[in-house]
Amino acid sequence: MAAHLSYLMSKLQTLSTSDHSSVVSMNLFVALLLACIVIGHLLEENRWVNESITALLIGVCTGIVILLISRGKSSHLLVFSEDLFFIYLLPPIIFNAGFQVKKKQFFVNFITIVMFGAIGTLISFCIISLGATQIFKKLDIGSLDIGDYLAIGAIFAATDSVCTLQVLNQDETPLLYSLVFGEGVVNDATSVVLFNAIQSFDLTHIDSRIALHFMGNFLYLFFTSTMLGVFAGLLSAYIIKKLYFGRHSTDREVALMMLMAYLSYILAELFYLSGILTVFFCGIVMSHYTWHNVTESSRVTTKHAFATLSFVAEIFIFLYVGMDALDIEKWRFVSDSPGTSVAVSSILLGLLMLGRAAFVFPLSFLSNLAKKNPNEKISLRQQVIIWWAGLMRGAVSIALAYNQFTRSGHTQLRPNAILITSTITVVLVSTVVFGLMTKPLIRFLVPHSKQTTSMVLSEPNTPKSIIVPLLGQDSEGDLGSQEVRRPASIRDLLTTPTHTVHRYWRKFDNAFMRPVFGGRGFVPFVPGSPTERNNTQWQ
C-alpha cells in the first residue's frame, strides 16, 4: 500500500512538473509574440523587412538561446503539430484574406487567378516532382518511393500567401495584389488537395484509369469545397437577416459569424475536402451579405477581430518556423554529410524557381491574348514581380513536409530527416532573401504613381471601409441607370468574359439574392441604433 501511494505521489509530481514546464513555455512564447509585434511596429517604415521576416529572425535567435541553455537538446518551446497549424492557425488567416479582399479586382481577374492557382500549380508540381525524381536518385539520400517524390512536388508547389500579403500593398498595386493574393489562396488549396489525393491513392501501379480517377477526385474536391463555403456564408446571412440578433445583443452576431466560418472549415476537413477553399469563399460571401446584415457596432468589431486573429496566427507560425530551423534532432542525421543537405536544398530552390517560371510567363501571355484593354494586360515587369513574389515558401510547405516525413514532429530515418531539414532551409532562404528583395523590386519595376492612387481611391472598398459600400461594384444609382448590354457576338463574350459575367451576376444579385440574403442596403431593425439613423440618411 505504501509503495502504491509512493508511486502515485511520484506520478503526480511528474505531471505537476510537466504542467509547470508547459506554462513556462507558453509564457515565453507569448512574450516572444509581443516582442515580434513591438519590433515589427518599429520597423514598419523599413523598405526591406516585414513582420514575417522579423518573426523568423526572432525565432532563430530564440532557438540559438534555447540550444545553449539546454546544452544542445532542443531549440524550441513547443512541439510542432500539424493539427495545431491546420485546425487552429490557418483558418483565421485564410478567412480574413477572403473577408478583406476587394471582390471586384478578384472576380474581374478570376480566370487569370484560377489559371495561375490551379493550372500553374499543377505545372509546377509536375516539374518539381520530375526534377526531384531524376536528380535525387543520383545523390546519396536513401530510398524514396514514388509517393515521396510526388509529395515533394506538392510540398514545394505551395506558395506562402501569408508573407506575400505582407509585402504587397492592396492600395498601391491593386492588380498585382489581386493576382498574387488570389493565386496564393487557390495555390495553397490546390497543393493541399493534391497532397491529400497522393496520400489516398495507391501509386505503385499508375495507369490511365488511376490518372483519370485522380483528376476527377481533384475537380470534385475543388468544386465541393467552394460550394460548401458559399453555402455556409449564405446560411449565416439568412439567419442573421431573419432573426435580428442585434435587437438584444451584438455579441451574438459576432459569435455567430465567427463560429459559422470556423464550422465551414471543420466540416470541410471532416468530409476530407479543402478547408482552405471553403473558409476563403465563406469569407467572401460573408463580407458580401452577412456583414451588411449586422449592426454598426458588430461591423466594426468583426472587421478588427478577424484581422487581429489572422495577424496573431501569422506571427505565431513564422516564430515557430524560425525556432524549428535549429532542431538538433533532425540536423543530427545530416551532420555526417552536410554537402548532401546543401545540394538537396539548392536543387529544390532551383526547381521551384524553374517550376514557377514555367507557368507564370506562358499563362500571362495567354491571359493577355483574351484582354482588349491594355490597362488590364499583365506587363512583363508585373510578370517578373508575380514570379518573384510567389517564390517564397512558408508554413503550408512546413506542415505538409512534417505530415509526409515525420511522426508527431519526430523522424528516425535519414532520407526523411534530409528532406525535413532541406524544407526548413528552403523556407528560411526563400522567405528572408526573396522577402527582403520583393519591396525594392516592386518600387524599381512598378513605381507608385498618382494615377494608381486616384484609381484606387475611386474604387469601392471592402470591409476595411465602413462608410463606402463594400460590394466592389457600382452604386445603387448606377445599377438602376445602366442597362446590361448583351454581347454582340460570341467573340465579344470570349474576349471579355469576366466583365460580361460580372454584369449578369450583378443583375441576378440585385433581383434574387439580396431580397433573400440581405447585403448592402439592408438595414437591421434596431430601434434608435446608429445603424438605423445612418442608413436612413443614405437612402
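Model, not experiment: these values are computed from the prediction.

Our next topic: the pattern of salt bridges. One side chain can pair with another of opposite charge once the charged atoms of both are near each other. Under the counting rule described, the total for this entry stands at 2 salt bridges. Across the pair arginine 356 and glutamate 183 runs a salt bridge, and its minimum N-O distance is 2.8 Å. Taken together, the positions of arginine 356 in helix 14 (residues 338-369) and glutamate 183 in helix 8 (residues 174-200) put the pair 173 residues apart, joining distant regions of the chain. The burial state of arginine 356 is the same as that of glutamate 183; both residues are buried. Of the charged contacts, one joins arginine 514 and aspartate 509 as a salt bridge, the two residues approaching to 3.4 Å between their closest N and O atoms.

This next bit is on the packing of aromatic side chains. What the rule picks out here adds up to 14 aromatic pairs. With centroids separated by 4.6 Å and ring planes inclined at 45°, the aromatic side chains of phenylalanine 29 and phenylalanine 316 adopt a geometry described as tilted. Of this pair, phenylalanine 29 sits in helix 1 (residues 2-42) while phenylalanine 316 sits in helix 12 (residues 296-324); the two residues are 287 residues apart in sequence, bridging distant segments of the chain. The exposure class assigned to phenylalanine 29 is buried, which follows from its relative accessible area of 1%. Measuring from centroid to centroid gives 5.7 Å for phenylalanine 95 and phenylalanine 99, while their planes differ by 20°, and the two rings are stacked. Pair noted here: phenylalanine 95 and phenylalanine 99 are both in helix 3 (residues 82-100), with a separation of 4 residues, about one helical turn. The exposure class of phenylalanine 99 is buried, given its relative accessible area of 0%. Among the aromatic residues, ring-to-ring pairing joins Tyr177, Phe181, Phe280 and Phe281 into one connected group. One residue, arginine 299, lies across the ring of tryptophan 291, its end atom 5.7 Å from the ring centre.

Okay, the packing of helix 9 (residues 208-243) against helix 10 (residues 250-270) next. Two measures define how a pair of helices packs: the angle their axes make with one another and the distance between the axes. Orientation of helix 9 relative to helix 10, taken along the N-to-C sense of each, is 160°, at an axis distance of 10 Å. Taken as axis vectors, helix 9 and helix 10 run roughly antiparallel relative to one another. Relative to helix 10, helix 9 is oriented so that their crossing is right-handed. Judged by residue contacts, Leu228, Ala232, Leu235, Ser236, Ile239 and Ile240 of helix 9 engage Glu253, Leu256, Met257, Met260, Ser264, Leu267 and Ala268 from helix 10. Class assignment for the residues of the contact of helix 9 with helix 10 results in 10 nonpolar, 2 polar and 1 charged.

What follows is about helix 3. For helix 3, built from 19 residues, the straight-helix expectation of 27 Å at 1.5 Å per residue is met to within 8% by its first-to-last C-alpha distance of 26 Å. The largest bend in helix 3 amounts to roughly 45° and is located at leucine 90, with the proline proline 91 lying one to four residues further along. The buried count for helix 3 comes to 15 of 19 residues, which makes it a mostly enclosed element.

Moving on, we get to the nonpolar core. The biggest cluster of nonpolar side chains holds 129 residues, and the ones touching the most others in it are Phe29, Phe85, Phe136 and Ile152. Among the elements that make up this core, the one with the highest residue count is helix 8 (15 residues). What isoleucine 152 contacts, discounting residues up to four positions off in sequence, is Ile128, Ala132, Phe136, Leu348, Phe405 and Leu419. The next biggest cluster of nonpolar side chains, apart from the first, holds 6 residues, and it includes Ala237, Val285, Tyr289 and Met513.

Conventions we followed
- Residues numbered from 1 in each chain as written.
- Predicted model: local features only at pLDDT ≥ 70, side-chain atom pairs only at ≥ 80, totals over all residues.
- Heavy atoms only, no water.
- Salt bridge = Lys/Arg side-chain N within 4 Å of Asp/Glu carboxyl O.
- Helix = DSSP H or I, 4+ residues; strand = E, 2+ residues; numbered from the N terminus.
- Buried < 20%, exposed > 50% of the residue type's maximum accessible area, 1.4 Å probe, protein only.
- Phe/Tyr/Trp six-rings, centres within 6.5 Å; stacked < 30°, edge-to-face > 60°.
- Lys NZ or Arg CZ within 6 Å of the ring centre and 35° of its normal.
- Axes fitted to C-alpha atoms, helices over the stretch in contact; angles between N-to-C directions.
- Parallel < 35°, antiparallel > 145°, perpendicular 65-115°, else oblique.
- Left-handed = near helix turned anticlockwise from the far one by under 90°.
- Contact = heavy atoms within 4.5 Å.
- Nonpolar A, V, L, I, M, F, W, Y, C, P; charged D, E, K, R; others polar.
- Expected span 1.5 Å × (residues − 1).
- Bend = angle between axes of the 7 residues up to and from the residue.
- Core = buried A, V, L, I, M, F, W, Y, C linked by side-chain atoms within 4.5 Å.

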